Amino acid sequence: MSSSPAPTGRPAGEESHRPRRTDYAGAVYGSLLAASVVAAAGSAGDFPRLHLVVLLLVTGVVFWAAHVYAHLAGERVIGRPVDRREVRRVARREWSIVEAAVLPAVAAAISPLFGLGYTGTAWLALVVAVAQQVAWATLGAIRAGASRRMAAGEGAVNLVLGLVIVATKAALGH
């Protein structure tokens, strides 16, 4: 991985020892997951907005835990037990899956401020999830040093993935 530019006050050419983050896979995946949850969620119950918020957050946490477990089990070195430090490292790395559920959940929670019914709430949360998915994918490409064309391509691919979910939601009439 490449390093971030030196902070102000450091001699020119001296680099920070802190690596720059370029892997936004968890955020992209979590955003796609959030969009899928919104698309599949019905408006059941007395408090559909609250149910959608809880469903988004719980799904994010469950998938995060599943990813942490899968990485720990899959990356285990033969004969070496997994230690707490490794668990914390993987849990931190995958936390963006949960973070990606927060903004669509907030959108659902504050939707009454915009006078939206449940259908409008679901569409708002879905648009937020897809928009952040495109943004995270594009940002990841830019931070990894991709050209503008490649970054735009990353955004376009993720927009298409998000639009497939949007089209599915529209076709299902949710």
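The preceding data block contains the structure.
All chains use their own residue numbering, which begins from 1 and follows the written sequence. Thresholds applied to this predicted model are a pLDDT of at least 70 for local features of residues and 80 or more for the giving and counting of side-chain atom pairs; totals over whole chains, interfaces and linings are not thresholded and use all residues. As a convention, hydrogens and water are excluded, and side-chain values are obtained from all of the structure's heavy atoms.

Across its 26 residues, helix H5 (residues 118-143) extends 37 Å between first and last C-alpha, which sits within 8% of the 38 Å expected from 1.5 Å per residue. Helix and strand assignments come from DSSP, with helices taken as H or I runs of at least 4 residues and strands as E runs of at least 2, each series counted from the N terminus. Just downstream of H5, glycine 145 is the residue with a positive phi angle, here 90°. The length a helix should cover is 1.5 Å for every residue beyond the first.

Once that is clear, we can look at the packing of helix H1 (residues 25-40) against helix H2 (residues 48-74). To get an axis, a line is fitted to the C-alpha atoms, and for a helix only the part in contact is used. The angle between two axes follows their N-to-C directions and goes from 0 to 180 degrees. Running from N to C, H1 and H2 cross one another at 140°; their axes reach a closest spacing of 10 Å. Considered as vectors, H1 and H2 are oriented oblique to each other. For the pair H1 and H2, the crossing hand works out as right-handed. Judged by residue contacts, Tyr29, Leu33, Ala34, Val37 and Val38 of H1 engage Leu52, Leu55, Leu56, Thr59, Phe63 and His67 from H2. Only Asp, Glu, Lys and Arg are considered charged, only Ala, Val, Leu, Ile, Met, Phe, Trp, Tyr, Cys and Pro nonpolar, and every remaining residue, Gly among them, polar. Here the contact of H1 with H2 is composed, by residue class, of 9 nonpolar, 2 polar and no charged. Orientation is classified from the angle alone, with under 35 degrees giving roughly parallel, over 145 giving roughly antiparallel, 65 to 115 giving roughly perpendicular, and any other angle giving oblique. Each crossing gets its handedness from the near helix: less than a right angle anticlockwise from the far helix is left-handed, clockwise is right-handed. Residue contacts are defined here by distance: any two heavy atoms, one from each residue, within 4.5 Å place the two residues in contact.

All right, on to the nonpolar core then. If you look at the biggest cluster of nonpolar residues, it comprises 26 residues, and the most contacted ones within it are Ala35, Val38, Leu52, Leu56, Trp64, Val68 and Leu126. Listed by contribution, the elements that provide at least two residues to this core are H1, H2, helix H3 (84-94), helix H4 (96-110) and H5. The residues contacting leucine 52, other than those within four sequence positions of it, are Val38, Ala41, Ala108, Tyr118, Thr121, Ala122 and Ala125. Note on terminology: a nonpolar core comprises buried Ala, Val, Leu, Ile, Met, Phe, Trp, Tyr and Cys residues joined through side-chain atoms within 4.5 Å. We call a residue buried when its accessible area falls under 20% of the maximum for its residue type, exposed when it is over 50%, and partly exposed in between, using a 1.4 Å probe and counting protein chains only.

Quick look at H4 now. In this model H4 runs 22 Å from its N-terminal to its C-terminal C-alpha over 15 residues, within 8% of the 21 Å that 1.5 Å per residue would give. Within H4, burial applies to Ser96, Ile97, Val98, Ala100, Ala101, Pro104, Ala105, Ala107 and Ala108. Each element contacted by the buried residues of H4 is listed here: H1, H2, H3 and H5.

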